[in-house]
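Residue-level listing of the chains:
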Amino acid sequence: MITKSGTTYIAKAGEQQLGILPGMANRHGLITGATGTGKTCTLQNMAETFSSMGVPVFATDIKGDLSGVSKAGGSNVHFEKSIENNGLREMGFNYRGFPVCFWDVFGIQGHPLRTTVSEMGPMLLSRILDLNDTQSDVLSMVFRIADDQKLLLIDLKDLRKMLEEVGTNRSKYTVSYGNVSPASIGAIQRGLLNLESQGGDKFFGEPAIDIFDFMQTRAGQGIINILASDKIINSPKVYTSFLLYLLSELFEQLPEVGDLDKPRLVFFFDEAHMLFRDIPKALLEKIEQVVRLIRSKGVGVYFCTQNPADIPDTVLGQLGNRVQHGLRAFTPKDQKAVQVAARTFRQNPAFDAEKVITELSVGEALVSFLDSKGSPSVVERAIILPPEGQAGAITEDERQQIVRSSMVAGKYERVLDRESAFEILSGQLEEKQRQAAEIAAQKELEKQQKEQARIEREQARIEREKKREHDNSALGSLEKMLATKAKREAVNALFKCGRGLLGSLLKK
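This section reports on the structure supplied with the text. (Residues numbered from 1 in each chain as written. Predicted model: local features only at pLDDT ≥ 70, side-chain atom pairs only at ≥ 80, totals over all residues. Heavy atoms only, no water.)

### Focus on the overall build of the protein chain
Here's step 1: Within the protein chain, the secondary structure is distributed over 16 helices and 14 strands.
Here's step 2: For the protein chain, the C-alpha radius of gyration of 44 Å lies well beyond 23 Å, the compact-globule estimate for 508 residues.
Here's step 3: Based on the C-alpha atoms only, the size of the protein chain along its principal axes is roughly 190 × 45 × 40 Å.
Here's step 4: Taken across its 508 residues, the protein chain has 47% of its residues classed as buried.
Here's step 5: Look at the contacts in the protein chain between residues 6 or more apart in sequence, and 78% of them connect residues 24 or more apart.
Here's step 6: Within the structure as shown, the protein chain displays about 25600 Å² of accessible surface, and the carbon and sulfur contribution to it stands at 52%. (Helix = DSSP H or I, 4+ residues; strand = E, 2+ residues; numbered from the N terminus. Rg over C-alpha atoms; globule rule 2.2 N^0.38 Å. Buried < 20%, exposed > 50% of the residue type's maximum accessible area, 1.4 Å probe, protein only. Contact = heavy atoms within 4.5 Å. Areas by Shrake-Rupley, 256 points an atom, 1.4 Å probe, with all protein chains shown as cover.)

This is the structure in structure tokens:
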């Protein structure tokens, strides 16, 4: 909330107004509390506060309630009572809507939000696919081979084709890259099929998100970017890995700017307990690095979860701005969680923080923000100021109207499918098949030619045999005829001779 003096406040403790100093907003923060204690309203209040500072915001909307920030609030009995009791109107409180840009991985409740397989990288993709260490190593190897061969991995069909290539020709890659287990290739392929069945293939493709589109302002107010998360939250590893990817992209692409008067962007990571559950050590180290260094890029990260114990100590120690809503201590485990939460604050001698945490009503919280020197202030029991936007979801028609009038309308709606690993490898396979078909056809032609030549030789032989037989038959007939003639002449001669001899004898 912006007061008449231009100061921004989030909470009120008696007569004391509490707010985050713009110069300390990139020192990160934490919003915690049990379900139903007011975390969502606090998140909305903070988003409105940063927007009023001219700072863009990115936040996930798990239940759909956060969309109401785009519309002026009002008609909430509990909020009206708080406004009246705390004299907020005199301070400058005014119901109003804030500039919003809606995003949705599935492109239904907002602009499509995509990335490429290459940009996601093997580490986060392994977490999404729930791979073991061996399978993750094989996936990293596949990414390396694709890079070396300059094959773009844009969508899941590219990755599937690359896995097929490596699996089919694994002996070719073993010497240079190491052993490739067929079982690991099969496990990764099954993971991809499972991811597609959950709609995860919608994550990957082009045009990929340009993170600078998150960093827009309108009329001096920061755009509040809201990612519809009601569907992907059902796949916790997909949800958290995608948000980690966005954080990593911010870290990689934004230049170093040092300490600014106010952040360039504030990033809210809701349901953060899902992020750190069963997280691999290498990925946790990556998160610690990003959180530690991203503030020098002008980005503040605010985790929202039920209990500070959900956050590893190495990360928790970097979260300077804290809002702790009520916790319940029904079991020994709950009591320990309350103790942990109380000890994360700089204690106030006026009350027992551990006891107060269990007594906080809805809308109340223990609050501690960083002072101008970067030190945590003494914790205060405070009332979180009501949001100026609507508390609750807007209608679908209102949402679509905002989407159509957005600054990025039409930029991401049309899917691109340029030449990448799938097309190149498919082309290479088709070329190999074509060449193999040509070779087979040539061999078949040569075989047919040889067979034709053999048939022709056989026919020629048969013709020769027939001719020889014919010639032999004609010669035999001639010989017979000659022999018969000779015999006839011999008989005639003998007869003549005999007749002459007989005549002589008779005469005598």
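### Notes on helix α5 (residues 133-148)
Count 3.6 residues to each turn of an α-helix, and residues three or four apart come out pointing the same way.
Here's step 1: Between the first and last C-alpha of α5 there are 22 Å, a value that for 16 residues agrees with the 22 Å anticipated at 1.5 Å per step.
Here's step 2: When α5 is considered as a whole, its buried residues turn out to be Gln135, Ser136, Val138, Leu139, Met141, Val142, Phe143, Ile145 and Ala146.
Here's step 3: For α5, the elements touching its buried residues are α4 (117-129), α6 (156-168), α7 (170-177) and α8 (182-197).
Here's step 4: The N-terminus of α5 is capped by Asn132, whose side-chain oxygen sits 3.2 Å from the backbone nitrogen of Thr134.
Here's step 5: Looking one or two places after α5, you find Lys150, whose phi comes out positive at around 55°. (Expected span 1.5 Å × (residues − 1). Polar contact = N/O pair within 3.5 Å; in protein donor to acceptor, adjacent residues only side chain to side chain.)

### Considerations on the environment of Thr344
Here's step 1: Among the secondary structure elements, Thr344 is positioned in the loop between α13 (332-343) and α14 (353-357).
Here's step 2: With relative accessibility at 23%, the residue Thr344 sits in the partly exposed group.
Here's step 3: A C-alpha to C-alpha distance of 10.0 Å links Thr344 and Ser368, two positions 24 residues apart in sequence.
Here's step 4: If we skip the residues at most four places from it in the chain, Thr344 touches Pro308, Leu316 and Arg322.

### Remarks on the pairing of strand β3 (residues 29-32)
On a regular strand, one side chain projects to one face of the sheet and the next to the other, so that they alternate.
Here's step 1: Where burial is concerned, the two faces of β3 agree: the one with Gly29 and Ile31 and the one with Leu30 and Thr32 are both buried.
Here's step 2: One ladder, built from four bridges, connects β3 with strand β11 (residues 299-305); its direction is parallel. Directly across from Ile31, in β11, lies its bridge partner Cys304.
Here's step 3: Summarising the sheet, β3 and strand β12 (residues 321-324) pair through four bridges and their orientation is parallel. Counterpart to Thr32 in the pairing with β12 is Gln324. (Pairing = 2+ DSSP bridges.)

### As for the nonpolar core
Here's step 1: Leu125, Leu159, Phe214, Leu246 and Phe303 are the most contacted members of the largest nonpolar core, which totals 80 residues.
Here's step 2: Take this core: its biggest share by element is ten residues, from helix α9 (residues 236-253).
Here's step 3: The contact partners of Leu125, leaving out residues within four places of it in the chain, are Val117, Met120, Leu139, Phe143, Leu159 and Phe204.
Here's step 4: In this structure, Ala47, Met53, Phe102 and Ile226 belong to the second largest nonpolar core, which totals 34 residues. (Core = buried A, V, L, I, M, F, W, Y, C linked by side-chain atoms within 4.5 Å.)

### Examining helix α1 (residues 39-53)
Here's step 1: Between the first and last C-alpha of α1 there are 21 Å, a value that for 15 residues agrees with the 21 Å anticipated at 1.5 Å per step.
Here's step 2: Judged by how many residues are buried, α1 sits mostly within the fold: 13 of 15 residues are covered.
Here's step 3: In the stretch just after α1, Gly54 is the one whose phi turns positive, near 90°.

### Quick notes on the packing of aromatic side chains
Here's step 1: Counting across every chain of the model gives 15 aromatic pairs.
Here's step 2: Each ring, one from Phe50 and one from Phe268, has its centre 6.4 Å from the other, and the planes form 50°; the classification is tilted. Residue Phe50 is located in helix α1, and its partner Phe268 is located in strand β10 (residues 265-269); the two are separated by 218 residues in the primary sequence.
Here's step 3: A residue is classified by how much of its surface remains accessible, and Phe268, at 0% relative accessible area, is buried.
Here's step 4: Between the aromatic rings of Trp103 and Phe214, the centroid separation amounts to 5.5 Å while the plane-to-plane angle is 90°, which identifies the pairing as edge-to-face. Of this pair, Trp103 sits in strand β5 (residues 100-104) while Phe214 is found in the loop between α8 and β7 (217-218), placing the two residues 111 residues apart along the sequence. Of the two residues, Trp103 and Phe214, neither departs from the other in class, the shared state being buried.
Here's step 5: Put simply, the rings of Phe58, Trp103, Phe214, Phe267, Phe269, Phe276, Phe303 and Tyr412 pair up and form one aromatic cluster. (Phe/Tyr/Trp six-rings, centres within 6.5 Å; stacked < 30°, edge-to-face > 60°.)

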